[in-house]
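# A structural walkthrough
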Amino acid sequence: MKEKKSNFSGSIGFVLAAAGSAVGVGNIWRFPYLCAKDGGGLFLIVYLALVLSFGFVLLTTDIAIGRHTKQNALKAFGTLNSKWKFLGYLTFLVPALIMTYYSVIGGWITKYFCTYVVSDGSILSQDSYFTSFITSKFSPIVFMLLFLALTAWVVYRGVEKGIEKFSRFIMPGLILLILGIAIFSLTLSYTDANGTVRTGLQGLKVYLYPDFSSLTVKRFLGVLLDAMSQLFFSLSVSMGIMVTYGSYTKNETSLTKSVNQIEIFDTVVALLAGFMVVPAVYVFSGEAGTKASGAGLMFVTLPKVFEQMRGGTIIGILFFVLVFLAALTSSISIMEAIVSSFMDRFGISRKKSVAICIIISIIMGIPSSLGNGAWAHIKILGMDFLTFFDYISNSVLMPIVALCTCILIGWAAGAKTVTDEVKRNGEKMNREKLYNVMIKYIAPVMLVIILITYSMAQFGFFTM
Ligand code: PHE
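Computed from a prediction, not measured in an experiment: that's the story for all the values here.

### Here's the deal with the pattern of salt bridges
For the structure shown, the criterion picks out ten salt bridges. Notably, a salt bridge pairs Arg-67 with Glu-421, separated by 2.7 Å at the nearest N-O pair. With Arg-67 in helix α3 (residues 41–69) and Glu-421 in helix α17 (residues 416–422), this pair connects stretches of sequence that are 354 residues apart. Here Lys-304 ties to Asp-127 by a salt bridge, and the two come within 2.7 Å at their closest N and O atoms. Within this pair, whereas Lys-304 is found in helix α13 (residues 297–308), its partner Asp-127 is found in the loop between α5 (85–118) and α6 (129–134), the two being separated by 177 residues in sequence. Looking at Lys-304, the relative accessible area reads 18%, which means it is buried. Note on Asp-127: relative accessible area 54%, which makes it exposed.

Right, here's the structure in full:
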């Protein structure tokens, strides 16, 4: 394609754009609910250990491959080694799948934001509101289309104009707001029908305290798998996006610094979102509620928190606007990856690629949306459509892509391809030894274990 390739304006532009992709629904919606489901502290420890080891390795690898080859994901792997061309195509599948259900969740956020704007939001704090909304036929689809249309509009205008500008003001705003709400959550207190008083500080203990008492190998594996899938999803790694972003990065940019900053950004937002949501869920629905409430956690709990605040409606609007924008910057990055691959592969214009992407997303997004209500009886491997797409992309495809990337870099192309790229400007790579051992041995072995256990659990050899 002859269209000019976008470049980030500098190191900070790159970090912000990458953080814009990484920080989104994954941090604010997915992280707290997985953390609550897996019993707080233990999940936190496992997740943090994975960020520092796995996350660092995968993110560095993706970005370095992009910058080294100056190609997007579709071509980058084949450029490194012609036998690994297939990995480009495999990688392309991941954002294509994620796009279809990400816009459904983006639609839910849009709906909440709009409801806060037109009312005082008290209706949102009713227990049944979330369920009755997501099970309805048309409304979630309409909001999904709205979210999709906005994403497409920004992508149509091109990368640098769209993403960089957006992220510059969203990220700091989002962090400050979440911090404020998190502090407020800790001051909450609630007396239930039995007269039991639960406070935010007790909830904090549920969030942070690792409960090893009922720890079994099976439970630990379950936590490990959840944390792993969360890491892929949250950091936007192993799906070609960071490879493509890496290819837009200037040679003078420090990769080590950028990787650290992106990881810190992403993890801090997720941890703060946990502070904001998990103690509040405990206050309103007790420890059992914390474990049982699942995917609706943020949507059900936060409106209750806002209801307790003075000026809660304004905070509700602000919060959902910022989460909406964070989700938008992520979905822009997902669509950008798909669109630029289409343009490259088929030599078609940006406009046509965006159009094709919208059509596919609508066709596949509708089942994800209806799967909560009208089509709830249709199950794939026991899961509704949205959960199934989430599962296939985060727990199957991404580990496979990551495994292939580790073998390509660790064994076929050589870890030097990446470490030399990192040290290109004469920089030191502090964790070089860790990188070499991880990419060659530890990461592939762990990924194989994870893939095998996951498939065995899925096909009923044991339950997790
Ligand atoms: N990382 C984004 C989030 O946390 C989601 C995302 C997934 C973005 C895949 C790009 C690619 O919400």
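Following the structure, the description resumes.
### A word on the site of the ligand
Residues in contact with the ligand amount to 16 residues; listed here are only the nearest, Ala-22, Gly-26, Tyr-102, Phe-233 and Met-239. One of the backbone N or O atoms of Val-25 is found 3.0 Å from an oxygen atom in the ligand. Between the ligand and the protein, one listed contact pairs a nitrogen atom with a backbone N or O atom of Phe-233 at 2.7 Å. Relative to its unbound accessible area of 320 Å², the ligand is 100% covered by the protein chains. Among the elements of the structure, α1 (11–22), α2 (25–37), α5, α10 (217–235) and α14 (312–346) are those that each provide at least two residues to the shell around the ligand. Class assignment for the residues of the shell around the ligand results in eight nonpolar, eight polar and no charged.

### Description of the side chain of Ser-361
Considering the arrangement of structural elements, one finds Ser-361 in helix α15 (residues 350–370). Residue Ser-361 is classed as buried on the basis of its relative accessible area, which comes to 2%. Residues contacting Ser-361, with those up to four places away along its chain left out, are Met-99, Thr-100 and Leu-148.

### Considerations on the packing of aromatic side chains
This structure, assessed with the given rule, holds 29 aromatic pairs. Their ring planes at 40 degrees and their centres at 6.0 Å tell us that Phe-342 and Phe-346 sit as a pair that is tilted. Residue Phe-342 and its partner Phe-346 are both found in helix α14; the two are separated by four residues, about one turn of the helix. Here a set of aromatic residues connected by ring pairs shows up, and it is made of Trp-108, Tyr-112, Tyr-116, Tyr-129, Phe-130, Phe-299, Phe-306, Phe-319 and Phe-320. The residue whose ring lies beneath Arg-157 is Trp-153, and the NZ or CZ to ring-centre distance is 5.1 Å. One Lys or Arg, Arg-431, reaches over the ring of Phe-56 and ends 3.9 Å from the middle of that ring.

### A look at the nonpolar core
Nonpolar side chains tend toward joint burial in soluble globular proteins. Ile-28, Met-276 and Phe-319 are the most contacted members of the largest nonpolar core, which has 151 residues in total. Aside from chain neighbours lying at most four places away, what touches Met-276 is Ile-28, Ile-178, Ile-181, Ala-182, Ser-185, Leu-302 and Phe-319.

### Thoughts on α10
Across its 19 residues, α10 extends 27 Å between first and last C-alpha, which sits within 8% of the 27 Å expected from 1.5 Å per residue. Most of α10 sits inside the fold, with 15 of its 19 residues counted as buried. Structurally, the start of α10 carries an N-cap: the backbone nitrogen of Arg-219 is 3.1 Å from a side-chain oxygen of Thr-216. Ser-236, located one to two residues past α10, shows a positive phi value of around 55 degrees.

### Re unusual backbone geometry
Not every positive phi belongs to a glycine, and Lys-70 is a case in point at roughly 55 degrees. By the secondary structure assignment, Lys-70 is in the loop between α3 and α4 (73–80). Judged by relative accessible area, Lys-70 falls into the partly exposed class, the value being 36%. A positive phi angle is found at Ser-238, which is not glycine, with a value near 55 degrees. With respect to the secondary-structure elements, Ser-238 resides in the loop between α10 and α11 (241–247).

### A short note on a nonpolar patch on the surface
Among the surface-exposed residues, Ile-407, Trp-411, Val-437, Tyr-441 and Ile-442 lie close enough to one another that they form a single nonpolar patch of about 460 Å² accessible area. For the nonpolar patch, the elements supplying multiple residues, two or more each, are α16 (385–413) and α18 (432–458). Locating Ile-407 in the fold gives a position in helix α16. Of the residues examined, Ile-407 reaches a relative accessible area of 33% and is grouped as partly exposed.

### Topic: the packing of α3 against α16
Remark: α3 packs on α16, axes separated minimally by 11 Å, with the N-to-C direction vectors making an angle of 65 degrees. Taken together, the axes of α3 and α16 lie roughly perpendicular to each other. The crossing of α3 and α16 is left-handed. Residues Leu-58, Thr-61 and Ile-65 of α3 form the contact with α16, whose own contacting residues are Ala-402, Thr-405 and Ile-409.

### Topic: the environment of Ala-402
With respect to the element layout, Ala-402 can be found in helix α16. Taking the C-alpha atoms as reference points, Ala-402 and Leu-322, 80 residues apart in sequence, are found 31 Å from one another. If we skip the residues at most four places from it in the chain, Ala-402 touches Leu-58, Phe-232, Ser-238 and Leu-447.

### So, the side chain of Thr-329
Residue placement: Thr-329 occurs in helix α14. Within polar-contact distance, the side chain of Thr-329 engages the backbone oxygen of Ala-326 at 2.8 Å.

### Overview of the state of the cysteines
Enumeration according to the criterion identifies zero disulfides in this entry. Free cysteine Cys-404: the closest other cysteine sulfur is in Cys-406, separated by 9.3 Å. Accessibility expressed as a relative area gives 13% for Cys-404, which makes it buried.

What counts and how
- The written sequence of each chain sets the order in which its residues are numbered from 1.
- Totals for whole chains, interfaces and linings use all residues, but because this is a predicted model, local features are given only for residues with pLDDT of at least 70 and pairs of side-chain atoms are given and counted only at 80 or more.
- Based on all heavy atoms of the structure, the side-chain values leave hydrogens and waters out of the count.
- Counted as salt bridges are all cases of a side-chain nitrogen of Lys or Arg within 4 Å of a carboxyl oxygen of Asp or Glu.
- Helix and strand assignments come from DSSP, with helices taken as H or I runs of at least 4 residues and strands as E runs of at least 2, each series counted from the N terminus.
- Working definition: with a 1.4 Å probe on protein chains only, accessible area under 20% of the residue-type maximum means buried, over 50% means exposed, and in between means partly exposed.
- Proximity criterion: a residue is near a molecule or strand once any of its heavy atoms comes within 4 Å of it.
- A 3.5 Å cut-off defines polar contacts: any pair of N or O atoms within that distance qualifies, except that in protein one atom must be a possible hydrogen donor and the other a possible acceptor, and neighbouring residues in sequence count only when both atoms are side-chain atoms.
- Here, Shrake-Rupley sampling with a 1.4 Å probe gives the accessible areas, and only protein chains in the shown set may cover a residue.
- All amino acids are sorted into three groups, where Ala, Val, Leu, Ile, Met, Phe, Trp, Tyr, Cys and Pro are nonpolar, Asp, Glu, Lys and Arg are charged, and the leftover types, Gly among them, are polar.
- Residue contacts are defined here by distance: any two heavy atoms, one from each residue, within 4.5 Å place the two residues in contact.
- Between the rings of Phe, Tyr and Trp (Trp by its six-membered ring), a pair exists once the centres lie within 6.5 Å; its type follows the angle of the planes, with under 30 degrees stacked, over 60 edge-to-face, and the other angles tilted.
- Charge over a ring is defined by NZ of Lys or CZ of Arg lying within 6 Å of the ring centre and within 35 degrees of the ring normal.
- Remark: nonpolar core denotes a set of buried residues (Ala, Val, Leu, Ile, Met, Phe, Trp, Tyr, Cys) joined through side-chain atoms within 4.5 Å.
- Expected span, for any helix, means 1.5 Å times one less than how many residues it has.
- Put simply, a patch holds well-exposed residues, over 30% relative accessible area, that have no salt bridge, with like charges counted together within 9 Å and Val, Leu, Ile, Met, Phe, Trp or Tyr side chains within 5 Å.
- Inter-axis angles, ranging from 0 to 180 degrees, are taken between N-to-C directions of lines fitted to C-alpha atoms, where helices are fitted over the stretch in contact.
- Roughly parallel covers angles under 35 degrees, roughly antiparallel covers those over 145, roughly perpendicular covers 65 to 115, and oblique covers all other angles.
- Take the far helix as the reference: if the near one is turned anticlockwise from it by less than a right angle, the crossing is left-handed, and if turned clockwise, right-handed.
- When the sulfur atoms of two cysteines come within 2.5 Å, that pair is taken as a disulfide.

Any functional reading would require information beyond the geometric quantities listed.
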